[in-house]
Structures are given as C-alpha cells and as structure tokens.
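Commentary on secondary and tertiary structure
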Amino acid sequence: MAKTIAAGAFLSLLCMVTNAFGSQPAREHTVADLPDWSGIWMSEDWPEGNPGRTGASHGLPLGAHLPYNAEWEARFQAMQAALRHSHGGKSCVWYFPAVMDGPWVFEMLITRTETAMSFEDDEIRHILTDGRSHPAPEDRWPTPWGDSVGHWEDGTLVVDTVSVAKDPSPFSPMVSESVHYAERIRMVGKNKLEDRLTISDPAALTRPWTVTLSYIRVKNQDRIVNGDCTQNDRNPIINGVEGLAPTGVNPTK
C-alpha cells in the first residue's frame, strides 16, 4: 500500500514538472533555424569600407545631431564647443553603441542560446537569446557594453540593451544612463548586414531616434587579427589633426 502511494505521488510530481516545463516558451533554436552570418565584417561607413568617408567621427552615422530637449541641447552645444577648442586625442576603448560604428572588424558567432560579436581588439559583445530578461534594476549597473538580450524573428536578430555607461569619448551619442537601445540586425544582401538601431532616452531626447548602420563582408581575410591602437602608432594627434610619422619612427616614444 505504501509503495502504491509513493509511486502515485512520484507520478503526480513528474506530471507537475512536465507540465511546468511544457508550458514555457521555447528558448533555444536548433542550428538549422539560425542564419549563416559567417565571415568577417566591418562598418561600411569607415574609409576602408567606403573610401569617400574621411573617418572623422562627425562624418559617421552615430555622430548625428540627436533630437535633444532644451537642457540636453545646451549640454550638447557645450560639448561641441569644447571639442572645437580641444587639441584632440585618441580613444582605444570603444563603448556601445560606438563600437557598432567603429573601425574594428568583427565576427558574428551564433549559437542556440547566444550571439557573440568578437571584435579585433579582443572585445566581445554578448547578446543572450535563451529567453532570459535583463537583471532586476537593483542587480545591474552601467558598463561600457550594457546588458543585451535578444530573440530571433525569422532571420532578424532583435536586441534590447540597457545599463550602458556614459562614454567618455565623443564617438557615442550624448545620452543619459537611462538610455534604452533597440536593434534589428539582418542580412540585406549576400555580403551586407544592416543594424537598425533606435535610441530612446526620455531624459535627454524629445523622441526616439533611429539610425541604420551597415556592414560589409571583408574580402581577402579569413581570420581575426588582434588590433591594438596604441602599438606602433604612426598617427600622432598634433594640434587636433591626425598626422603620419615616417616609417620606423614611433611618435609615442
């Protein structure tokens, strides 16, 4: 009798567990479900991808003038004035979203539960696609990359990013730490990726602002090679202008 009751209790518990897990949405994709974004990619908006560009930050999509409210417009104009009177400099730490519009090449490493973007400067952006949400507000803090979660809609990777720290360089848009980023990344051609990025920040902007970033597949390169923008630097900044040092001369020494 006791064995019969124990067996019944076990079966009931098994059914409860099965039903609980069965009611959850599918959080993983099979490999066959996922798109093939293999290869090495680079921003189309830098000189290597688009020789018509100068590479100056104001000539890139994320360097646009966002729809700021009055308070943040004043901050933006003050920052622009400070930049005009600055002797310039270099930044080797790229925050999100600037890294998505930066000069680094990257690979998209897609798995069933995550898409990782591996950049040539050894940075990796993790986009978790296993069904989880962001940590609770009390369990997260601003970081250069923020916290990114996403899901797949057919061949489009839909990404939501929060908790991005203020970028000390002028390469990212000037926004508050409450900013919210939404991306839709998809292939738009055999050798072209597109990232439609929407920036929402009620503290700084009068409305959400959307920009489209484009990437092309790199030719004649079959692996990521580490890049270090401080090593063997032959492009010193002199009076706010990028120069070119003679071969064999390291201007940083």
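The rules behind the values
- Residues numbered from 1 in each chain as written.
- Predicted model: local features only at pLDDT ≥ 70, side-chain atom pairs only at ≥ 80, totals over all residues.
- Heavy atoms only, no water.
- Helix = DSSP H or I, 4+ residues; strand = E, 2+ residues; numbered from the N terminus.
- Buried < 20%, exposed > 50% of the residue type's maximum accessible area, 1.4 Å probe, protein only.
- Lys, Arg positive; Asp, Glu negative; His and termini not counted.
- Salt bridge = Lys/Arg side-chain N within 4 Å of Asp/Glu carboxyl O.
- Contact = heavy atoms within 4.5 Å.
- 1 Å grid on protein atoms, 1.4 Å probe; cavity = no way out; pocket = protein on both sides within 12 Å on 5 of 7 lines; lining within 4 Å.
- Points joined across faces, edges and corners; volume = space filled by probe spheres on them.
- Nonpolar A, V, L, I, M, F, W, Y, C, P; charged D, E, K, R; others polar.
- Core = buried A, V, L, I, M, F, W, Y, C linked by side-chain atoms within 4.5 Å.
- Polar contact = N/O pair within 3.5 Å; in protein donor to acceptor, adjacent residues only side chain to side chain.
- Phe/Tyr/Trp six-rings, centres within 6.5 Å; stacked < 30°, edge-to-face > 60°.
- Pairing = 2+ DSSP bridges.

Here we take up the side chain of Asp-195. Counting through the fold element by element, Asp-195 comes out in strand β8 (residues 192–200). Within the buried core, Asp-195 has no salt-bridge partner, and the shortest N-O distance to an opposite charge, that of Arg-125, equals 5.1 Å. Contact partners of Asp-195, with chain neighbours within four places excluded, come to Met-100, Glu-183, Arg-184, Ile-185, Val-211, Thr-212, Leu-213 and Tyr-215.

What follows deals with the layout of surface pockets. Volume-wise, the second largest pocket comes out at about 190 Å³. Along the walls of the second largest pocket sit 19 residues, with Lys-166, Asp-167, Ser-169, Pro-173 and Met-174 positioned nearest its centre. Its residues assigned to classes, the lining of the second largest pocket shows 13 nonpolar, three polar and three charged.

Our focus in this paragraph is unusual backbone geometry. Of note, the amide linkage connecting Phe-96 to Pro-97 takes the cis form, showing an omega dihedral of 10°. Position of Pro-97 among the secondary structure elements: in the loop between α2 (70–84) and β2 (106–110). Positive phi, close to 55°, is recorded for Asp-154, a residue that is not glycine. Checked against the element boundaries, Asp-154 lands in the loop between β5 (147–153) and β6 (156–162). Residue classification places Asp-154 among the exposed residues on the basis of a relative accessible area of 74%. Residue Ser-163 is not a glycine yet carries a positive backbone phi of 60°. Mapped onto the elements, Ser-163 comes out in the loop between β6 and β7 (180–189).

Bringing the nonpolar core into the picture now. The tendency in soluble globular proteins is for nonpolar side chains to be buried side by side. Ranked by size, the top nonpolar core spans 40 residues in total, and within it Tyr-68, Met-100, Met-108, Phe-119, Tyr-181, Leu-197 and Ile-199 carry the most contacts. Looking at this core element by element, the count peaks at four residues for strand β9 (residues 209–217). Beyond its immediate sequence surroundings of up to four residues, Tyr-68 is in contact with Glu-73, Phe-76, Pro-173, Met-174, Ala-204, Leu-205 and Thr-206.

By the element assignment, Glu-183 lies in strand β7. Side chain to side chain, Glu-183 and Arg-125 meet in a polar contact 2.5 Å long. Not counting residues up to four positions away in its chain, the partners in contact with Glu-183 are Phe-96, Met-100, Arg-125, Leu-157, Val-158, Val-159, Thr-161, Asp-195, Arg-196 and Leu-197.

This paragraph deals with the packing of aromatic side chains. One pass over the full model with this rule turns up six aromatic pairs. With a centroid separation of 5.4 Å and an interplanar angle of 85°, the aromatic rings of Phe-106 and Tyr-215 are classed as edge-to-face. Pair noted here: Phe-106 is in strand β2 and Tyr-215 is in strand β9, with a separation of 109 residues, a long-range link. As far as the burial class goes, Phe-106 and Tyr-215 line up, both buried. Here Phe-119 and Trp-145 contribute two aromatic rings whose centre-to-centre distance is 5.8 Å and whose plane-to-plane angle is 45°, an arrangement assigned as tilted. One end of the pair, Phe-119, is in strand β3 (residues 114–119); the other, Trp-145, is in the loop between β4 (124–128) and β5, and 26 residues separate them in sequence. A single burial state applies to Phe-119 and to Trp-145, both of which are buried.

Where β3 lies against β4, five bridges are found, and the strand directions are antiparallel. Within β4, the position partnered with Ser-118 by the bridge is Ile-124. The pairing of β4 with β5 spans two bridges and is parallel. Residue pairing for β5: Ile-127 is matched across the bridge by Ser-148.

Moving on to the pairing of β5. Where β5 meets β6, seven bridges bridge the pair, whose relative direction is antiparallel. Directly across from Glu-153, in β6, lies its bridge partner Thr-156. Hairpin geometry of β5 and β6 is characterised by an intervening segment of two residues between the two adjacent antiparallel strands and by a positive phi of about 55° at Asp-154.

Right, let's talk about the environment of Glu-123 for a bit. Within the fold, Glu-123 resides in the loop between β3 and β4. Residues Glu-123 and Trp-145, 22 residues apart in the sequence, show an inter-C-alpha distance of 9.7 Å. Non-local contacts of Glu-123, meaning those with residues more than four positions away in its chain, are made with Met-117, Ser-118 and Trp-145. Looking at Glu-123, its side chain comes within polar contact range of the side chain of Trp-145, at 3.3 Å.

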